[in-house]
Every structure is written in C-alpha cells, then in structure tokens.
Amino acid sequence: MSEQAERLFEQALALEPAARSAYVENASSSDSQLRVEVMSLLEESDNADEFFDRLGAAVFASSFSIDGDDSPRYQPQDPVLPEGHVVGHYRIVSLIGSGGMGTVYRAHDTRLHRDVALKFLPSSLGAEPDAQERLLIEARAVAALNHPNVCSIHEIGESDDNRLFIAMPCYEGVTLKEQLRRGAMSVPDSVATAIQITRGLAAAHARGIVHRDVKPGNVMLGSDGTVRLLDFGLAIPVDANRKSSGSTRGTVAYMSPEQARDDALDQRTDLWSLGVLLYEMLAGVRPFRGANAPAVLQAIFNENPEPISKRCPEIVPALERIVDRLLQKDPANRHASAAAVLADLEQALPSDRTTSRRSFFSRRGTVVTVTLMLLLLVIGLPAWRNLRDESLLNRSATNRARPSIAVLPLANLGPDSPDAALATGMTEELITTLASAGDVRVIASTSVAALKGREIDVRKIADTLGVSNILEGALQKIGSRVHVQVRLVDGKDGATRWSQSYDREFKETFAVQEEIARAVIGELGLRFDRDRQFARQHPRNIAAYELYLRGSDPILLRSQSGIWKAEEYFNQAIAIDSTYAAAHAGLAIAYVRRARNASDPGVPPLKLLALAESEARKAIALDATLAEAHYSLGRVLEATLDFPAARTAIRRAIALDPSRSVYRKSLSHLQAWSGGPEEVLAEARRALETDPLNPYALSAVASGLYGMRRYDEALAQLQSLAAVEPPLQVVSFAIAQVYGKKQMLPEAIAALRPAAEAGDPLFQALLGHMLARAGQRDEASRILADLITRQKRTGGGAFQVAIVHAGFGDLDQTFEWLDKAIDDRSINSFIMGPTFDDLHRDPRFQRFRARLKLQKA
C-alpha cells in the first residue's frame, strides 16, 4: 500500500461511514488506481475504523464479541493461521480480527501457561521497512513505559515466515468508543476515566514519547476498573525542533491543529486529543464535527466548540475550564504537561456523589449489572427475611444507636493481581483496625466483597447492611508509589462526611492505613487509642507484605495446587522477613489444609499438622496481638483433636478482631463436637451480625437448623444458596445430608457428584455412603476401594473410608475405621450430625466419644 493511499485511507476512516465513499471519490478524482486501492481497503476491513476501535477491546479481551456475534466479521488479507499452529513458544487458539493494518490472534504461551494476543503486520507490509519500524516503535515505546494505564508488551518476535509480531496480554473490557456509543458518560465517570488516561500519558511523556493517536478506540476500559492507553504504533520521540514524520498520521477528529498541519509536535498534541476525548465523554458528541475530513479540519483550525455546559448542564465550572484550556488552538495556551492536567482533574473530581458506587472511581468496561437486590433474590428473599428475624439483623435500639460502618472493597486501579491483592489487603487492614476500636460495629469483608464493582446507591448498601456509614475508595500502585483516595459517606443521605487523597511511597502503606483509620474513628466521634488500634506489628519489609497478600488469596485454597502455591508465597515472605508473624500464620493454615485433604503422599498428615502447630505458635510468639495467629493455632488444635484448647484460641482471635466472621464460623464448627445444635446455630447467627451477606455464614445457619432436625427450614435455606455463583461446595455437601435424612437419595447423589468427580475425597466418601444406601452397591464399592487405596498411599483419610462403610450398614468396619480416623486425625465433626443417627445409638459410639474426650451424650 502506497503512502498516499494509506494517508487517504486514514482520513476516510475519520468520517462517518456514509460520507467515506464520496470523500474518497472527490479526493482521488484524478487517480482511479488510488481510488480503487482505498475503496478496496475500506471494503476488506468492513469498516476499518470500527475494526481498529473494536480491535482495542478484542486484543485485550479474554473473548471477542461484536454486537452479540462471536465470530470475527473482518476478513484477513493473509491466510488465517489455524488453531494449534505454533509461532515460537505460542500456540494459536483463534483469530480475533484482521484488517488492512494488522492481524491479531488469541494464542497460548506454552512457556508461562497464559493466554496472550499476537499482533502481526500484514505480509503485504512486511517488506516495507517503515511498517516494520512502526511495529518496533510501538513495542519499544510500550515496553519502556511499564505503567498500569498503558497496555503492556510481553515481547516482540518473528515468525518462521519472517513476519514481526507483538505479544500482549489478554485483558477483559471494552473500548471507550464502544462505551460512548451508549451516549454521554456521567461527570464523575468522565473525570475518573480521564484521570487514568492522563496518568498513562504523563508516563509516556516522561519517557519522551508522544502518542499522536489518542482516540476512543485506543482507550480500553478494563472490567477490573483500569483504563489503559492502547496502540502506540504512531508514537514518536519528543522533538519540538523537527517535523513529526513528513506526513500527517493519526485520526482527523482527534488531531491537534499542529498535527493536522504536520508541524513540529510535542506532548501538548496529546493533551489536545485528551481534551477532545473529555468533551466527548461529557457531551456525547465531538467538539469538532463535519460531513467530511476537510470540514472537520476546517472546524479544528478555525472554530470554537459549542460550550460544553450546553450539552452537560451538570458540569462544574472548574471542569469546563480544564476542557476549554485543553482545546486551545495555540499549544502555548494549553496545560504545559500531563502532570498539570492531572492535578487539575483530581481537584475537579466531584465529591458529592450520592448515587453510584461505581462513580467514586471508574469501574469501567462491561458494567456488572447484578445489583444488590438481585443478590438478595439469589440468596432467597424469604430466607433472607427469616434470617433478619432470627439473627440480630433486626437490631435493637441500642444497636442502632451504636456507630456502624462498612468498608467497601477499595477499587484496584493497578494492572495485575498483585495490585488487586494490595487493594484487598488494605481493605482488610482498615476493617480490622476500625473493628478494634470496640465501640463501632464493622461489617466483615466477605459481605462487602459481594458488592465489589456493583452500581448501587450507597444508601441502599447502608440500609441493607444495617450501617450508618460507608467508607469507599480506590488504590493504585505506580512503581514505588501508591495513590489512595477515600471518602466517608453518611449512609442515610449519601453526603460525604470526609474525604482525603494520599500519594506516598509504597513503603509508607501502613502509615496511610493508620491515618485513614485515625480520621474515620475521629469522624465517628470515637476516641482514638493508638496503643489499642495499632498494637499489631506490621512487616518490616514491604516485599514480604506483597507476597503475604498473594498467598492469602482465598482462591488458592480451593485446590491442592493452589495450596502449594500459597505455601510458596508464605515461605518467600518468611525468607525475606523471618519475623513476619502473619506469614507464619498463613503457612500454618496452608499446612492444615494439606493435612485435611489427605492427598499428599510425600508428607504424612501428622507431620503436616506438626509443622502447622510450629508455625502457628511461632506467629503468636512474634505477635501475640495478631488475630490470625490465634486463629491458625485454633485450626491446628481442632485438627489435632484438642477441642477445648481450640475453642480458647478461636475465642482469643474473635476478641482481637471481631470483624472476621470466619472466626465465628470456625467456633460454630467446633461447637458441633461437644455442644448442642443450638450452640452451633447461635454462633452462626453471631457471624451474621458482622457479615450479613456471607454465604458461608448463611450455610452455617442452615447446618445449625439441620442439627436441630428442622430439615425443611434447612433445605429452604440451602436451596436458595445453591444459586450463588460460583457454586459453594459447602452448600452441596450440606444439602446432600438434608436430602439423605428426607430419603431423597437421588437428589443427594446428584448434589455430591460434581465435587466427587473432581476428586474431593470427602465428597467421594459421602457419595459412596448415599449410593450404598440407595442400593447402588457396585459403584459404592468402587468408591470404597479407591478410598482405601488412597488411605494406604497417603497415610490419611481413614474417616472417608468409615463413612462409606456406614452407608453399607457395616458398623463393625465403620467403628474400626473411625478409630483409625482418630489416629490419623482425619475425623470430621459432621460425624456428630443426624446423618449418623444409627451410629449414635450404638454403645460403641460412647467409647468413640471418650477417645475424643467429649462429654457423654
């Protein structure tokens, strides 16, 4: 493709589709070959402007969908690489899209086991040094930035047929152009989005890079809340003393006057484009419009845009001044730098937002439409009302008068999971610190996490959680610095009571947490007792803290490989800082989980439990005020069957951090050993006081109802929880027991199969039990044989074998294996429930209880 054709092609793309043909016809009237070439490019790309705008989403999305059509509508000029084709260490998965300027595939990185996007030059451009150089410029420019608001580059490579490609991440989200098709954005969302774009530009400009093509199609709104600047293919080094390229490149509607004239460029050309974007986000239309490219250029050169306040009446004067200054035709009259724009935008960020959680910090991309009301419907509105009545959610006058607060999950504006873990960690720290004040009711993180990313009125959140205040905010880690912005909202009227921004070195993270907590406690009218609130020790090394947060990801504990990964993170943290108590406590929990799974032939369960106890006691010795340390010891002591000491440890954890419902849930579980079902239910309800949306606490209530033989109530509760996504295994396990007692054995078997077939030994055992009771003895026998083989291989899991024997009605074998289960510590408290009523009536069960040092039934 000639340079003239490419330039005309790009100019045509800036127009509305209906105007392109006439424009090309007029611009190439004396050159029919040029006209045919340009029109062919437009036809082949099936509206190439949309292609590249949508390609921004496609390249960085985990799936590709255009207007509900999952198949790419853009036909590549080059033969499509087939699924499974290998390019270097990448295996092609599918074509994302293709057009005149490149082809993008979804591929799997066989070295690092991750999906990526591979962007290839068309072979027709491969021989052109300028085209290859532009691809190299893009890769080098982006790779040099390493900024959360700029798409990252994994590597640049060359295929066997000498085609250059860039390997990039697959992010999830949509482009700003897709978002703008829905109309103008709210003022808070527009400003929050512009702030992140400006941060990306500031990072580029600091590296001496001018983007030159800032437009909605090159801005991705990630579903994780991060806004990323895409496509640095036209980027140039800053040099105000030379022409930009010798030819005008870019997108006409977003070009600065100097770029359109092909004058010398500096970073202020990007600031003009940013002004056009901000105007369009607020007004829903571009500031400079026309039927064709010359008309648009004429407007850019000579006309002033319509005052934005006419299109956006709610705009504040300060923000209107920012837009006006960015759109000054003389670069000298614009902001001097992106950093200056950023400072003005952050001052203009509205602080009186009372209606939208998402408006506080941009949660861009595909908006999560599940509201809190839908969440309640999923849980089950009748069951929810019952729980409100049965628990202390129908708070007394005294409880209502007590200050209360929910700390919503801090929005992560960083690019990857470690930053997400940091946001989660800071949220947990704030909850813990505020809860330790003693005179304030603080909602646990599990309930507020259910609201993450939801577009819900903060007043509705406050009413549902039963709190008088909401603390919300966002966090972004950039290099060695961390930026945090928070505000305290009155739950009754949504008014902002207090707000503050912090921009500190990352190593000062804990000082920021203390400042926030101090301010909130003071605003709530409580006395700030520093010794009480901040007695716990913080890690001496911030890198150790980051590793601890990664290991604490609850998703890791859902699989054996995940538990090993968590161990790895905790061990790395300890290697950096051996005095880090929380890392030792986390490692103890990981060891307990491995021991309870009884699926590790390399280390016997008893040895794992010994390691766990050592780590838990080390954590307490390092920091006796750390609730996690006492909780980890309680979990170890329960696994080693020292129930009185376990209860003491768990109660100590609750006293130190009353906001963690998981501690209450563990205590509820412990009560099943020696207490009655009423005590189990009471502890579960106490967990709901601070964690009303926690499905695990709700399932614990159902377990208490089951223990009291209120089967229909338990079943109704569990059936409503069965709709929660992702599915909770604890619900399937509990519902199978209820089905078993109601003689609904086919339903019990169906509830157990998914987890059993995935390899969970406890589910396999209960499945074998139910199959045997249902007369499906052959399959039950196969499961029994597999569990016995597993027990011999790992040295643990005798309890699972006992469960299946109980289903066959073989009580002699059942008690023999229960004795072995005490020895290998695989015994589980659900042996005390109604599922095993037949065992409880056998005299040998009293001997079994005596071995466990439980009181006589």
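Because the structure is a prediction, the values reported are computed rather than measured.

### Overview of the pattern of salt bridges
Where charged atoms of side chains with opposite charge meet at close range, the side chains can pair.
In step 1: A complete count under the given rule lists 34 salt bridges for this structure.
In step 2: In this structure, the salt-bridge partner of Arg847 is Asp819, at a minimum N-O distance of 3.4 Å. Of this pair, Arg847 sits in helix H40 (residues 844-851) while Asp819 sits in helix H38 (residues 811-824), placing them 28 residues apart in sequence.
In step 3: Note on Arg847: relative accessible area 42%, which makes it partly exposed.
In step 4: A cluster of three or more residues bridged by salt bridges with shared partners is formed by Glu428, Glu628, Asp657 and Arg660.

### Notes on the packing of H38 against H40
In step 1: Where H38 meets H40, the closest approach of the two axes is 11 Å, and the angle between their N-to-C directions is 0°. The orientation of H38 with respect to H40, classified from their angle, is roughly parallel. Counted together, Leu811, Asp812, Phe815, Leu818, Asp819, Ile822 and Asp823 of H38 and Arg844, Phe845, Arg847, Phe848 and Arg851 of H40 form the full contact between these two elements.
In step 2: Of the residues in the contact of H38 with H40, the class split is 6 nonpolar, no polar and 6 charged.

### A look at the environment of Pro403
In step 1: When you line up the elements, Pro403 lands in the loop between helix H17 (397-401) and strand E12 (404-407).
In step 2: Since its relative accessible area comes to 22%, Pro403 is described here as partly exposed.

### Examining the side chain of His769
In step 1: Among the secondary structure elements, His769 is positioned in helix H35 (residues 761-773).
In step 2: Under the relative-accessibility criterion, His769 is labelled buried at 3%.
In step 3: Residues contacting His769, with those up to four places away along its chain left out, are Ile803, Val804, Ala806, Gly807, Thr835 and Phe836.

### Details of the packing of helix H24 (residues 560-576) against helix H25 (residues 581-597)
When two helices pack together, their arrangement is given by the angle between the helix axes and the distance between those axes.
In step 1: Two elements in contact, H24 and H25, have axes whose closest approach is 9 Å; the angle formed by their N-to-C orientations is 155°. As far as their axial angle goes, H25 and H24 are roughly antiparallel. At the point where H24 passes H25, the crossing takes the left-handed sense. Between H24, through Gln560, Ile563, Trp564, Glu567, Phe570, Asn571, Ala573 and Ile574, and H25, the contact on the second element is made entirely by Ala583, His584, Gly586, Leu587, Ala590, Tyr591, Arg593, Arg594 and Asn597.
In step 2: Across the contact of H24 with H25, the residue classes tally to 9 nonpolar, 5 polar and 3 charged.

### Section: the packing of aromatic side chains
The geometry of an aromatic ring pair is captured by the separation of the ring centres together with the interplanar angle, meaning the angle of the planes.
In step 1: Under the defined criterion, the tally for this structure stands at 14 aromatic pairs.
In step 2: A ring pair is formed by Tyr105 and Phe120, whose centres lie 5.8 Å apart and whose planes are at 85°; its orientation type is edge-to-face. With a gap of 15 residues between them, Tyr105 in strand E3 (residues 102-109) and Phe120 in strand E4 (residues 114-120) connect regions that are remote in the sequence.
In step 3: Residue Tyr105 is classed as buried on the basis of its relative accessible area, which comes to 1%.
In step 4: The class for Phe120 is buried, based on a relative accessible area of 2%.
In step 5: Pairing Tyr706 with Tyr711 gives two aromatic rings, centres 5.7 Å apart and planes at 50°, and the pair type is tilted. Accessibility classification places Tyr706 together with Tyr711 in one group, the buried group.
In step 6: Members of the aromatic cluster, connected to one another through ring pairs, are Phe733, Phe763, Phe799, Phe830 and Phe836.
In step 7: Its end group placed over the ring of Trp817, Lys820 keeps NZ or CZ at 3.9 Å from the ring centre.

### What to know about the pairing of strand E17 (residues 496-505)
In step 1: As judged from the 9 bridges shared by strand E16 (residues 481-490) and E17, these two strands associate in the antiparallel manner. Each residue of the ladder has a partner; that of Leu488, found in E17, is Trp498.
In step 2: Joining the antiparallel neighbours E16 and E17 is a turn of 5 residues, in which Gly494 adopts a positive phi near 75°.

### Topic: helix H13 (residues 317-326)
In step 1: Looking only at H13, the buried set comprises Leu319, Glu320, Ile322, Val323 and Leu326. In a view along the axis of H13, the buried residues occupy a sector of 155°, so they form one face of it. Residues of H13 that are exposed and point more than 90 degrees away from the buried face comprise Pro317 and Arg321.
In step 2: Next to the buried residues of H13 lie helix H8 (187-206), helix H10 (268-283), helix H12 (308-311) and helix H14 (338-348).

### Notes on the confidence of the model for the chain
In step 1: Per-chain confidence: the chain averages 76 in pLDDT, with 74% of residues scoring 70 or above.
In step 2: Here helix H4 (residues 48-59) is the element of the chain with the lowest mean pLDDT, 35, and helix H37 (residues 798-808) is the one with the highest, 95.
In step 3: Low pLDDT (under 50) marks residues 239-248, which in the prediction has 27 contacts with non-local residues, meaning those over four places away or in another chain.
In step 4: The low-confidence segment residues 351-400, where pLDDT is below 50, has 138 contacts with residues more than four positions distant or belonging to other chains.

### What about the sheet that holds strand E7 (residues 173-175)?
In step 1: Spatial ordering of the open sheet is given by E7-E9-E10, a layout of 3 strands whose pairing is antiparallel. A single partner strand is all that each edge strand has here, and the edge strands are E7 and strand E10 (227-229). Recorded for the sheet is a direction-independent mean angle of 25° between the axes of neighbouring strands.
In step 2: Sheet topology note: the strand E9 (residues 219-222)/E10 ladder contains 3 bridges and is antiparallel. The residue bridging Val219 from the neighbouring strand is Leu229, located in E10.
In step 3: Strands E9 and E10 of the sheet are contacted by H8, whose axis makes an angle of about 40° with E10.

Procedures and definitions
- Residues numbered from 1 in each chain as written.
- Predicted model: local features only at pLDDT ≥ 70, side-chain atom pairs only at ≥ 80, totals over all residues.
- Heavy atoms only, no water.
- Salt bridge = Lys/Arg side-chain N within 4 Å of Asp/Glu carboxyl O.
- Helix = DSSP H or I, 4+ residues; strand = E, 2+ residues; numbered from the N terminus.
- Buried < 20%, exposed > 50% of the residue type's maximum accessible area, 1.4 Å probe, protein only.
- Axes fitted to C-alpha atoms, helices over the stretch in contact; angles between N-to-C directions.
- Parallel < 35°, antiparallel > 145°, perpendicular 65-115°, else oblique.
- Contact = heavy atoms within 4.5 Å.
- Nonpolar A, V, L, I, M, F, W, Y, C, P; charged D, E, K, R; others polar.
- Left-handed = near helix turned anticlockwise from the far one by under 90°.
- Phe/Tyr/Trp six-rings, centres within 6.5 Å; stacked < 30°, edge-to-face > 60°.
- Lys NZ or Arg CZ within 6 Å of the ring centre and 35° of its normal.
- Pairing = 2+ DSSP bridges.
- Arc of directions from axis to C-beta.
- pLDDT = per-residue confidence, 0-100.

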